[in-house]
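Residues per chain, in single letters:
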Amino acid sequence: MKLPVDPADLLVKIKKKARALGPAGARARKMLKYKKQKCTEKPMQPNILVINPGSTSDDIGYYRGQTPVFEVTVRYSQTDLEPYDGKNVTEQLPLRKKIILDYLIDHQVPLKEINAVIGRGGFIRSVEGGVYGVNDQMVSDLETGRYGGIHACNLGGILAREIAQYAKCPSFIANPVVIDELQPLARYSGMPENPRISIFHALSQKRVARLIAEKQGQKYEQVNCIVCHGGGGISVGAHCKGKVIDVSNGYEGEGPMTPQRSGTVPCAGLVSMCFSGKYTQKDIRLKMRGKGGLAAYTGTYDAKELEEFIQTGKKRPGSLIRCTRQQAKEALDAMIYQMAKEIGAMAVVLKGKVDFIALTGGLMFSKYIPPQIAGQVGWIAPIYVFPGSEEKDALRDAARRALENPSIVKHYS
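Below, the structure is looked at part by part. (Residues numbered from 1 in each chain as written. Predicted model: local features only at pLDDT ≥ 70, side-chain atom pairs only at ≥ 80, totals over all residues. Heavy atoms only, no water.)

## Notes on the packing of aromatic side chains
We count it as follows: Working definition: a ring pair exists when centres of Phe, Tyr or Trp rings (six-membered ring for Trp) sit within 6.5 Å. Plane angles under 30 degrees give stacked, over 60 give edge-to-face, the rest tilted. Secondary structure elements are taken from DSSP: a helix is a run of H or I of four residues or more, a strand is a run of E of two residues or more, and numbering for both begins at the N terminus. Only protein chains enter the accessibility calculation, which uses a 1.4 Å probe. A residue is then buried if its area is under 20% of the maximum for its type, exposed if over 50%, and partly exposed in between. Look at NZ for Lys and CZ for Arg. If either is within 6 Å of the ring centre and within 35 degrees of the ring normal, a charge sits over the ring.
According to the stated counting rule, one finds three aromatic pairs in the structure shown. Plain terms: the ring middles of F356 and Y384 are 5.9 Å apart, the flat faces sit at 85° to each other, and that makes the pair edge-to-face. Linking F356 in strand 10 (residues 356-361) with Y384 in strand 11 (residues 383-387), this pair joins segments that are 28 residues apart in sequence. Since its relative accessible area comes to 28%, Y384 is described here as partly exposed. One aromatic cluster in this structure is built from Y62, F70 and Y103. The ring of Y63 carries R396 above its face, with NZ or CZ at 4.7 Å from the centroid.

## Overview of empty space enclosed by the protein
Going by this rule: A 1.4 Å probe that fits but cannot get out identifies a cavity on a 1 Å grid over protein atoms alone, an open set with protein on both sides within 12 Å along at least five of seven lines counts as a pocket, and a residue lines either if it has an atom within 4 Å of a point. Grid points are joined across faces, edges and corners, and a volume is the space filled by probe spheres set on the points. Nonpolar residues are Ala, Val, Leu, Ile, Met, Phe, Trp, Tyr, Cys and Pro. Charged residues are Asp, Glu, Lys and Arg, and all others, Gly as well, are polar.
The full count for this structure, using the stated rule, is one cavity of 30 Å³ or more. Lining of the largest cavity is provided by Q45, P46, I48, G65, Q66, R396, D397 and R400. A per-element tally of the lining of the largest cavity places helix 14 (residues 391-404) first, with three residues. Counted by class, the lining of the largest cavity contains two nonpolar, three polar and three charged residues.

## Digging into the sheet that holds strand 6 (residues 171-174)
Within a sheet, neighbouring strands are paired by backbone hydrogen bonds and run either parallel or antiparallel to one another. Condition: Pairing between strands is defined by DSSP: at least two bridges between the two strands are required. Here, axes are lines fitted to C-alpha atoms. For helices the fit covers the stretch in contact, and angles between N-to-C directions go from 0 to 180 degrees. Residue contacts are defined here by distance: any two heavy atoms, one from each residue, within 4.5 Å place the two residues in contact.
Sheet architecture is open: six strands sit in the order 3-2-1-4-6-5, paired in mixed fashion. For this open sheet the edge positions go to strand 3 (67-75) and strand 5 (131-133), each flanked by a neighbour on one side alone. For this sheet, the mean angle separating the axes of adjacent strands, direction not counted, is 20°. Pairing analysis gives four bridges linking strand 1 (residues 47-53) to strand 4 (residues 116-120), with the strands arranged parallel. Bridging from a neighbouring strand, I48 pairs with A116 of strand 4. Sheet strands in contact with helix 4 (residues 93-106) are strand 1, strand 2 (57-64) and strand 3, and its direction is about 145° off that of strand 3.

## Regarding the sheet that holds strand 7 (residues 224-230)
Taken in spatial order, the five strands make up an open sheet running 9-8-7-10-11, and their pairing is mixed. The sheet is open, and its two edges are formed by strand 9 (243-247) and strand 11, each paired on a single side. On average, each strand axis in the sheet is inclined to that of its neighbour by 25°, with strand direction left out of account. Two elements, strand 7 and strand 8 (residues 234-240), share seven bridges in a ladder whose sense is antiparallel.

## Looking at the side chain of D246
Here is the rule we go by: Polar contact is the term for a pair of N or O atoms within 3.5 Å; when the atoms are in protein, one must be able to donate a hydrogen and the other to accept it, and sequence-neighboring residues count only if both atoms are side-chain atoms.
Within the secondary structure, D246 sits in strand 9. A polar contact of 3.0 Å, which involves the side chain of D246, links it to the side chain of R196. Aside from chain neighbours lying at most four places away, what touches D246 is L182, A186, R196, V236, G237, A238, M346 and V349.

## Focus: the nonpolar core
Basically, it comes down to this: Throughout, nonpolar core names a set of buried Ala, Val, Leu, Ile, Met, Phe, Trp, Tyr and Cys residues whose side chains join them through atoms within 4.5 Å.
Residues L49, I114, V117, I124 and M138 are the most contacted members of the largest nonpolar core, which totals 40 residues. With seven residues, the single largest contributor to this core is helix 6 (residues 155-167). If we skip the residues at most four places from it in the chain, I114 touches N47, L49, Y62, L104, V109, A167 and C169. Counting 35 residues, the second-largest nonpolar core is a separate cluster that includes I234, C323, I373 and I380.

## What about the layout of surface pockets?
Taken as a whole, the second largest pocket encloses approximately 1,100 Å³ of empty space. Forming the walls of the second largest pocket are 31 residues, and the residues nearest its centre are N194, E252, G253, E254 and M288. Of all the elements in the fold, those that place two or more residues in the lining of the second largest pocket are helix 8 (267-274), helix 9 (281-288) and helix 12 (325-349). Grouping the constituent residues of the lining of the second largest pocket by class yields 13 nonpolar, 11 polar and seven charged.

## Thoughts on the environment of T56
Residue placement: T56 occurs in the loop between strand 1 and strand 2. Judged by relative accessible area, which is 45%, T56 ranks as partly exposed. For the pair T56 and S77, spaced 21 residues apart in the sequence, the C-alpha separation amounts to 7.3 Å. T56 has contacts with V74, R75, Y76 and L81, leaving out every residue within four places of it along the chain.

It is worth stressing that arrangement in space is one thing and function is another; only the former is reported here.
What follows is the structure, given as structure tokens:
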């Protein structure tokens, strides 16, 4: 019986024969070396288009592998958006799609080279965290706003789908704001008709938690951590082995007060205000989200401007600040106090088993806020500060993981 040839022995024989041929074998030796190099090369990284729409801007990035071809924030003026006043936000699709396509043309990006398009997830049905393929049902829910209304972030999935159809590639969203992984006890509010719901900075929180876990040589699904995202809204989440089992609703009505949101308020006082005849429903909602928090106490929701005023006593030209330096500092410290208190509450949710605490979002660019929070909760676990939102990177990495391992892509229905 003829025994199979060992590949290693065969390679040795070929090399010996090439050497025996002298100059004639030089090309053979080069080819062997070339093939060896080609086999050890890392696979090509995918080309990904990222679309992150906001109310008055679009954050767009295109990446050839790890190399950014362009990263741009397109800002829309009041004049640009005036024709769409009072209309469904989906009416803006042609405008926003044209701008994205123009950037691809300007940077000589052929549509056929795009491997995936990923958009920011909007208000769809509550889902668990992960990467979702954009399908007809999702587009319908985003267009109609049947879950939570119409917001500009709804355009992310729709734009991703439309451009991906041109490019003949997959389209995704990842970790939308409506991720719901709450444990059963976290849903109780005290009113069966009004359960606690999960709306938070899921994309940012999960991205930062995953990065820190990887730096520690662990997977996100192996750690317990607390993530506080601080921006115009603030959300604080308890992450347990890859699931956000409890979180403050950073959209409106829960958790710490923020630069422009009231957070949790005394129930009886709120009921009295609602039925006093002094305020309309719109007034109350603005106090909850838009003109609450620091804006209500100081006149401004610009935390950076407020810090400058506290430090120097000087206001910027045209400043909206209408309080003293002492009042400004006390309001800022109250917000920090409430953030720290919410982090402490999430430590209880995790039964004290906390691997790390992450502070992220625009507020963490401050030189004052992160150290003050750390001074109050640093005894719980090590603290990591990631200023900004990292949302484009989070979306790009989600799309890359989906292409590398299609089994992780979840179906929306």
